[in-house]
Each structure stands twice: as C-alpha cells, then as structure tokens.
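# Coordinate inspection notes
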Amino acid sequence: MGIIKHIKKFVLSTRIFAFLLLIAFFISPSCRFSNKTRVSEEANQVPDTLVSIEDSDTLPEINTTQMITPISEDPDDLMEFMRASENWEAYKTGILPLMIEKSPEYTKKLLNNIYSGFIAVDKSRMKVILFDKFGNLQKSYGMACAKNYGTKHEKGDSRTPEGFFSVEGIYDSTDWLFTDDNGVTSKKKGQFGPRFIRLLIPGTSQIGIHGTCAPWSIGARASHGCIRITNENILELVDLVEIGMPVIVIPGRKDIEQNIIEGYDIPWIPTSATAKEPKIKQDKTVVPEILPDTVPLKDTLPEQVVDTTIELEKDTANNVIN
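Residues numbered from 1 in each chain as written. Predicted model: local features only at pLDDT ≥ 70, side-chain atom pairs only at ≥ 80, totals over all residues. Heavy atoms only, no water.

### Brief notes about the overall build of the protein
Selection rule: Only DSSP runs of H or I covering at least 4 residues are called helices, and only runs of E covering at least 2 are called strands; the numbering of each starts at the N terminus. Buried means the residue's accessible area, taken with a 1.4 Å probe over protein chains only, is under 20% of the maximum for its type, while exposed means over 50%, and partly exposed covers the values in between. Here, two residues are considered to be in contact whenever any of their heavy atoms come within 4.5 Å of each other. Computed with a 1.4 Å probe, the accessible areas rest on the Shrake-Rupley method; for each residue, only the protein chains presented here act as cover.
When its secondary structure is counted, the protein shows eight helices and ten strands. By residue count, 42% of the 322 residues in the protein fall in the buried class. Partitioning the intrachain contacts of the protein with sequence separation of at least 6 by distance along the chain shows that 61% fall at a separation of at least 24. Carbon and sulfur atoms make up 55% of the accessible area of the protein, which amounts to about 18,700 Å² in all.

Given below as structure tokens:
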C-alpha cells in the first residue's frame, strides 16, 4: 500500500509539471512576439526633441578644410588664414594679400566669397576688372563712369556709388530708351548697349555696368552714374558673371578728396601689384573734369522697359541712370 501511494503522488506531480510546461509553451511565443513588436515600434518612432551633436556618442566626421572661414578682420589673422589654406598658391599670386592693410573688411568678405570670382570697378585706372575668387586677373576692360567725383548720395548727382556691392541681375537692354532728369524720354534705342548688369546697391536701383552707343566716351568721366564698357566687352562679361557676384567700386584720387570733404571714408584698394595708393590733398574742393569732344549722355533708363530679360530676371526699375 505504501508503494502504491508513492506512485500516485509521483503521477500527480508529473501531471502538474506537464500542465505547467503546456501553459509555458503557449505563453512564451506570445511574449516573444509582443517583445519583437515593441522593439520594432520603438525603432520606427521619431523623437519629439532634437539631440545636439555634442550629446551623441558618435560624432560625424567633418571636413574642416571646407568649413573653416575667417571670423576676424585682424590683418594678421586674415593673412594666416590664406597661408594655412590649401589654396595659398592661388592666393599669393592675387590681390587679396595686397588688400589686407587697406581694407580688412573687404578682404574678409572676399575670403568668404561663394562665387567663381568678383568684379572691381577701379576709378583710378578707369577699368572694369574681373578676378577669380582668389584675386587673380581674368579680364580687364576700359570704362567710363560718372562725370562728378565722390560717391553717390542722391538721384541726379551724376556720381557713381563706391563701396562693396553685388550683381542683382543681367538684362537685355537692346531696345531700352532712357529718360533724363527732366522726365524727357529719348526715342533713340541702343544707348545702354545690348546688356545691362544691374548692381544691388542700398538706396538705388539705377546703377549698372552696360554697353554704350558712344564708344569714344570710354576712359572719360562722362556718365550720370552708371559704368560703361564697349558693347563687345559687355557681351563677353555677361557670360562670365553670376547673379550675386561681389562688385567693388573703388574711388580714385579726386573721388577720395571729395569724400573727405563731405565726411565719407570709402576704402581704396589696389587692383594690381604695381598699383600705388593715391596721394590725397586735404581740404580742396574738387571740380569735375569734362574731356573735350565728350558728349555726356543722359543717364536714365526707360520708364517702360520691353520684357527682354536674361536669366529670368524681371526688370522693374524705372529711371535708371546710364
């Protein structure tokens, strides 16, 4: 009897164990499935807040050569930046190292230039000059600019603005007519040449680099504010410039003297290795020189412009100076 009782207890415990195993068999897969589902949902969940890069365990690799830009206008820092650059061989043959002492502000802007180059309008040399982004000469054209000296202050003062600007747009000006300061519109086409590069200048939309129907005026202070080059040269230049490209208008000696009288300080910068800074005479009123046999053209763009815009830029300005 004792043996039979022990057998019955063993069978009962075995059944209970088997029953528990059976329950575990059905419950375990559901747990595993539920866990997989939860992990999958967490993997696809978008965090509600951004994590700064400093908080991450693994930082992405950064090409510091491409990202570093000068943050100081200190001349020594700017020169060191160029010397440490992988483009030093290009920089050292250009004008940027020569510019540092004259205008650290301009130099820093050009070191941060994202375009293929920049334009200098040099009133001392009467040249429109295209440089690559490292300051190496690409093209140089004779020009005419405003007949009055000093930087521009108001409409009708017949001055070319001086400073650091940019290209706003490129336009087909073949059929443009101009309107003079008295509101009289000429019927003669072609006075702005075939193309007009409008400059983005605070306070005025009237200034640009363009062609001319008076090629004999090139080299003279002859316009009402715009910069003229020959039609052949403007057609070449528009294929080389970009919207947004920097344009620096540099004062000549008499412009600087007039600016001093009026209390303005516009930087002069060299546009060649041989350029010499103008010697300034203080407290002298500057009288514009009009060259003989020069016929100053009225310098205002048409009130109504035919829609012949290049680069999908719309011309919306009236009365733009020539």
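### A short note on the packing of aromatic side chains
Spelled out, the test is: Stacked, tilted and edge-to-face are the three classes applied to pairs of Phe, Tyr and Trp rings, where Trp contributes its six-membered ring and a pair requires centres within 6.5 Å; stacked means planes under 30 degrees apart, edge-to-face means over 60, and tilted covers the rest.
As enumerated under the stated definition, the model contains eight aromatic pairs in all. Taking the centre distance of 5.1 Å and the plane angle of 85° together, the rings of Tyr91 and Phe134 count as edge-to-face. Here Tyr91, found in helix H4 (residues 88-91), pairs with Phe134, found in the loop between strand E2 (127-132) and strand E3 (137-142); they are 43 residues apart in sequence, far enough to count as distant. Judged on exposure class, the residue Tyr91 and its partner Phe134 are both buried. Ring centres of Phe118 and Phe131 lie 5.1 Å apart, and the angle between their planes is 20°; on these two criteria the pair is classed as stacked. Here Phe131 lies in strand E2 and Phe118 lies in strand E1 (residues 117-122), a separation of 13 residues in the sequence.

### Describing the packing of helix H3 (residues 75-84) against helix H6 (residues 104-111)
Helix packing geometry: the angle between the two helix axes and the distance between the axes. Heads up, the rule is: For every element, the axis is a line fit to its C-alpha atoms; helices are fit only across the contacting stretch, and the angle between N-to-C directions ranges from 0 to 180 degrees. By definition in this entry, angles of less than 35 degrees are roughly parallel, angles greater than 145 are roughly antiparallel, angles of 65 to 115 are roughly perpendicular, and the rest are oblique. A crossing counts as left-handed when the near helix is turned anticlockwise from the far one by less than a right angle, and as right-handed when that turn is clockwise. Under the scheme applied here, ten amino acids are nonpolar (Ala, Val, Leu, Ile, Met, Phe, Trp, Tyr, Cys and Pro), four are charged (Asp, Glu, Lys and Arg), and all others, including Gly, are polar.
Put simply, H3 and H6 touch, their axes get as near as 10 Å, and they point 25° apart. Between H3 and H6, the crossing angle belongs to the class labelled roughly parallel. Note on packing geometry: the crossing formed by H3 with H6 is left-handed. Every residue of H6 that contacts H3 at Pro75, Leu78, Phe81 and Met82 is listed here: Pro104, Thr107, Lys108 and Leu111. Here the contact of H3 with H6 is built from residues that sort into six nonpolar, one polar and one charged.

### Section: the pattern of salt bridges
Close approach of charged atoms lets side chains of opposite charge pair. Just so we agree on the cut-off: For this analysis, a salt bridge means a side-chain nitrogen from Lys or Arg found within 4 Å of a carboxyl oxygen belonging to Asp or Glu.
For the coordinates displayed, the defined rule picks out twelve salt bridges. Here Glu162 makes a salt bridge to Lys123, at a shortest N to O gap of 2.7 Å. With a gap of 39 residues between them, Glu162 in the loop between strand E4 (145-146) and strand E5 (163-172) and Lys123 in the loop between E1 and E2 connect regions that are remote in the sequence. There is no split in this pair, since Glu162 and Lys123 are both buried. Residue Asp172 pairs with Arg195 through a salt bridge whose shortest N-O separation is 3.4 Å. With Asp172 in strand E5 and Arg195 in strand E6 (residues 195-200), this pair connects stretches of sequence that are 23 residues apart. Judged by its relative accessible area of 18%, Asp172 falls in the buried class. A single network of salt bridges, built from pairs that share partners, joins Lys123, Glu162, Arg221 and Asp255.

### Topic: a negative patch on the surface
We apply this condition: Exposure above 30% relative accessible area and no salt bridge define the residues that can form patches, which grow by joining like charges within 9 Å and nonpolar side chains of Val, Leu, Ile, Met, Phe, Trp and Tyr within 5 Å. Residues scored as positive are Lys and Arg, those scored as negative are Asp and Glu, and His as well as the terminal groups of each chain are ignored. Working definition for charges: the position is that of NZ of Lys, CZ of Arg, CG of Asp or CD of Glu.
A surface patch of like charges, here negative, comprises Asp74, Asp76, Asp77, Glu80 and Glu101. The residue Asp74 is located in the loop between helix H2 (64-67) and H3 in this model. The class for Asp74 is partly exposed, based on a relative accessible area of 34%.

### Regarding the nonpolar core
Going by this rule: To define a nonpolar core, start from buried Ala, Val, Leu, Ile, Met, Phe, Trp, Tyr and Cys residues and group those joined through side-chain atoms within 4.5 Å.
In this structure, Ile119, Val121, Val128 and Ile209 are the most contacted members of the largest nonpolar core, which totals 25 residues. Mapped by element, the contributors of at least two residues to this core are E1, E2, E5, E6, helix H7 (231-237) and strand E10 (246-250). Tallying contributions element by element places E5 first for this core, with three residues. What Val121 contacts, discounting residues up to four positions off in sequence, is Lys127, Val128, Met143, Ile209, Ile227, Val247, Ile248, Val249 and Ile250. Counting residues in hydrophobic clusters, the runner-up holds 23 residues, among them Tyr91, Tyr106, Leu111 and Ile248.

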